[in-house]
Amino acid sequence: MSLAAPTMTAGRTGPDRGTRIGVGFVLLLPALLALAWSYLLPTVQAVWRSTQRDQLLGPAEGVGSANYEQLFTRGFLGDLGSALLLALVPLLLALLVAPVLALLADRAGRPARLALRALVVLPVAGYAPVALLIGWRLDRMEPGTMLDRPLATLVEFTAVTGAGLVVAVATTAFLSTLRGRPHRRDALPAALTVAGLLMLGIIALTLQTFTPTLITGNSRTPMTYVVLQSLQQMNLGGGSAAAVLLLLPLALLGLAATALLLLTRVRIEVVDEAVTHREQPHGAVSKSAPVTESTGDRQARIGLAVAGAVVVAVMLWAAWPWLRRSLRFTNETVPMPSPDLSGMLTATWLPTLLSAVVTVAVAAAAGFAIGGLRPLGRFSELLLLPFAPWLFVGTGPLAIESYLRARDFDQLNTFLGLVPPGWVSIPALFLFTVLFRGLEPRWRAGAGFGRAMLAPAAPMILLVGLVTWLVTAAQVLWPFVVASTPMYRPAPLEALMVYARWGMRGDELALGAVLPLPMMLIFLVAFGWLQVKYLDRLAVRVGR
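The following refers to the structure shown. What you see is a predicted model; the values in this text were computed from it and never measured.

As for the packing of helix α18 (residues 449-473) against helix α21 (residues 517-533)
Stage number 1. For the pair α18 and α21, interaxial distance at closest approach is 11 Å and the crossing angle is 150 degrees. Relative to α21, α18 is oriented roughly antiparallel. Here α18 runs over α21; the crossing is left-handed. In this structure, α18 uses Pro459, Leu462, Leu463, Leu466, Val467, Trp469 and Leu470 to contact α21, whose residues at the interface are Met519, Phe523, Ala526, Phe527 and Leu530.
Stage number 2. Here the residues of the contact of α18 with α21 sort into 12 nonpolar, no polar and no charged.

A look at the nonpolar core
Stage number 1. Ranked by internal contacts, the top residues of the largest apolar core, which has 158 residues, are Ile134 and Leu429.
Stage number 2. Not counting chain neighbours up to four residues away, the residues in contact with isoleucine 134 comprise Ile215, Ala495, Leu496, Tyr499, Leu509 and Leu511.

Describing the packing of aromatic side chains
Stage number 1. In this structure the tally under the stated criterion is 11 aromatic pairs.
Stage number 2. Ring centres of tryptophan 349 and phenylalanine 523 lie 6.1 Å apart, and the angle between their planes is 35 degrees; on these two criteria the pair is classed as tilted. Of this pair, tryptophan 349 sits in helix α14 (residues 341-373) while phenylalanine 523 sits in helix α21; the two residues are 174 residues apart in sequence, bridging distant segments of the chain.
Stage number 3. Residue class for tryptophan 349 comes out buried when judged on its relative accessible area of 7%.
Stage number 4. A network of ring pairs unites the aromatic residues Trp349, Trp469, Phe523 and Phe527 as a single cluster.
Stage number 5. Taking NZ or CZ as reference, arginine 405 lies 3.6 Å from the ring centre of tryptophan 37, over its face.

Thoughts on unusual backbone geometry
Stage number 1. Located in the positive-phi region is aspartate 410, a residue other than glycine, with phi close to 55 degrees.
Stage number 2. Mapping aspartate 410 onto the fold places it in the loop between α15 (399-408) and α16 (415-418).
Stage number 3. For asparagine 413, which is not glycine, the phi torsion reads 55 degrees and is therefore positive.
Stage number 4. Positionally, asparagine 413 belongs in the loop between α15 and α16.

Considerations on the side chain of aspartate 536
Stage number 1. For aspartate 536, the location among the structural elements is in the loop between α21 and β4 (538-541).
Stage number 2. Judged by its relative accessible area of 0%, aspartate 536 falls in the buried class.
Stage number 3. Setting aside anything within four residues of it in sequence, one finds aspartate 536 in contact with Arg110, Arg113, Leu114, Arg117, Arg179 and Gln531.

What about α15?
Spacing of three or four residues puts side chains on the same side of an α-helix, whose turn is 3.6 residues.
Stage number 1. Of all 10 residues making up α15, eight are buried, and the element is well covered by its neighbours.
Stage number 2. Here α15 has its buried residues at Ala399, Ile400, Glu401, Ser402, Tyr403, Leu404, Arg405 and Ala406.
Stage number 3. In this fold, the buried residues of α15 make contact with α1 (17-49), α11 (222-231), α12 (236-264) and α19 (477-482).
Stage number 4. Note on α15: the residue one or two positions beyond its end, aspartate 410, has a positive phi of about 55 degrees.

As for helix α3 (residues 76-84)
Stage number 1. Restricting attention to buried positions, one finds in α3 the residues Phe76, Asp79, Leu80 and Ala83. Along α3, the residues classed as buried sweep out an arc of 100 degrees about the axis, all on the same side.
Stage number 2. Buried residues along α3 sit against α2 (66-74), α9 (188-207), α11 and α12.

Quick word on a nonpolar patch on the surface
Stage number 1. Side chains of Leu350, Leu353, Leu354, Val357, Phe415 and Leu416 sit close together on the surface and give an oily, nonpolar patch of about 490 Å² of accessible area.
Stage number 2. When contributions to the nonpolar patch are tallied by element, the ones reaching two or more residues are α14 and α16.
Stage number 3. Sorting elements by how many residues they give to the nonpolar patch places α14 first, with four residues.
Stage number 4. Mapped onto the fold, leucine 353 is located in helix α14.
Stage number 5. Judged by its relative accessible area of 31%, leucine 353 is partly exposed.

Thresholds applied
Residues numbered from 1 in each chain as written. Predicted model: local features only at pLDDT ≥ 70, side-chain atom pairs only at ≥ 80, totals over all residues. Heavy atoms only, no water. Axes fitted to C-alpha atoms, helices over the stretch in contact; angles between N-to-C directions. Helix = DSSP H or I, 4+ residues; strand = E, 2+ residues; numbered from the N terminus. Parallel < 35°, antiparallel > 145°, perpendicular 65-115°, else oblique. Left-handed = near helix turned anticlockwise from the far one by under 90°. Contact = heavy atoms within 4.5 Å. Nonpolar A, V, L, I, M, F, W, Y, C, P; charged D, E, K, R; others polar. Core = buried A, V, L, I, M, F, W, Y, C linked by side-chain atoms within 4.5 Å. Buried < 20%, exposed > 50% of the residue type's maximum accessible area, 1.4 Å probe, protein only. Phe/Tyr/Trp six-rings, centres within 6.5 Å; stacked < 30°, edge-to-face > 60°. Lys NZ or Arg CZ within 6 Å of the ring centre and 35° of its normal. Arc of directions from axis to C-beta. Patch = residues over 30% accessible without salt bridge, like charges linked within 9 Å, V, L, I, M, F, W, Y side chains within 5 Å. Areas by Shrake-Rupley, 256 points an atom, 1.4 Å probe, with all protein chains shown as cover. Salt bridge = Lys/Arg side-chain N within 4 Å of Asp/Glu carboxyl O.

The values reported here are purely geometric and, on their own, carry no functional implication.
Right, here's the structure in full:
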């Protein structure tokens, strides 16, 4: 049944105000409930627990600010500052390399632009940080390196795991700021907005780095301290205090990103596939007039070809230690029997699939409610403010409260326990709001709901769902917390456990199960089609 059919008035006004408010509230309600259950309540509990002496077993005892005093004495704020160093390489790639690639591709023409889009699909479809790190550790580092330079090693590991994904996301975003512009200089405000959002997001993500620290053994990172202090040292109060101190900068970063979105009025629009930059005399723009290839176009093609070759070479060099082990599914060097492969793959992909479907569906409904129905008119984006403090908060800072909840519901070492605890993807909610905000004028102008809203948004929902599924399946923090027995460990966590037991002797380590080749091919085809056929038609705009 069409949502628009019974509520359209006079052909060009869209749903009436009462319908927009009523339906918008209904669609936004699941996201608000998920926000309260998955983020707000655990945050309040973490703040309360940070003032307690809680050793996991037995009653808790109030200690006021003692846990925070111990953290300051230990130098936890210094750990936060050190964690910011992990963002240096990703920021360089996102704010320098990615815009240069986007400019070269846009100048070189449509075939070159599509070729770059196809290229950046590779690191996304092959996102397997655990496999990359273990392979890199086995083949690219000398024994003792991690002990001699722990922080530098952590910076190196963070760059290895995130470089490809950062370049892919940032390049795609900058290409969208250039699409459909009569003049490339017109893209500067949108490009600056994208750069600001990327900077804030990268800083927030690196503050929550966890997987590289398990391999390096470097516990002087905020996220590692939260988890290990709480579960290994049996000090829930100290771990919760560290989580609260980590939540504070993350909340500020989320609020800053939301303020940037509101002030710039950023949105995503769909442009005609034939729109190009062919700038004619007097600023006229033509879609069909033949244009002689300029020297700049040829230079752009050459520059892009060189840059693309370098990117491919670096990606292959970084991934080769994993790729050469990617077809192995058993570990013959380990005398203990390995977990059942089918069970391990089930634990990897099914709980995360359930999570991706639910979190993205709730986010899409809320994004349509805010950006599409616009129940508060031009002030509708203010409805993002309740979600803003947790925009960049992942599983880690609230992992202890989520673990205690899973324990109380008897979900440890179970299928349901492996489902990540968040029930709405807040970054996806913001993305869908921005998308529907750009699509809404066509719907309001009289286009049908299916043509104006559903058809342009469906591929984005699919894309976000697939990316969420892939990235969530690659994480180890939540399984590390709730899966203590091998039969419930996902493949990335089991690979880490095997490496932790056997270290450099695990040269025959089976990494093929971390991201099986059939799954990689499925993601590669899906992302490639979406990049070339869908994302290439999206344009990021700011202002009215």
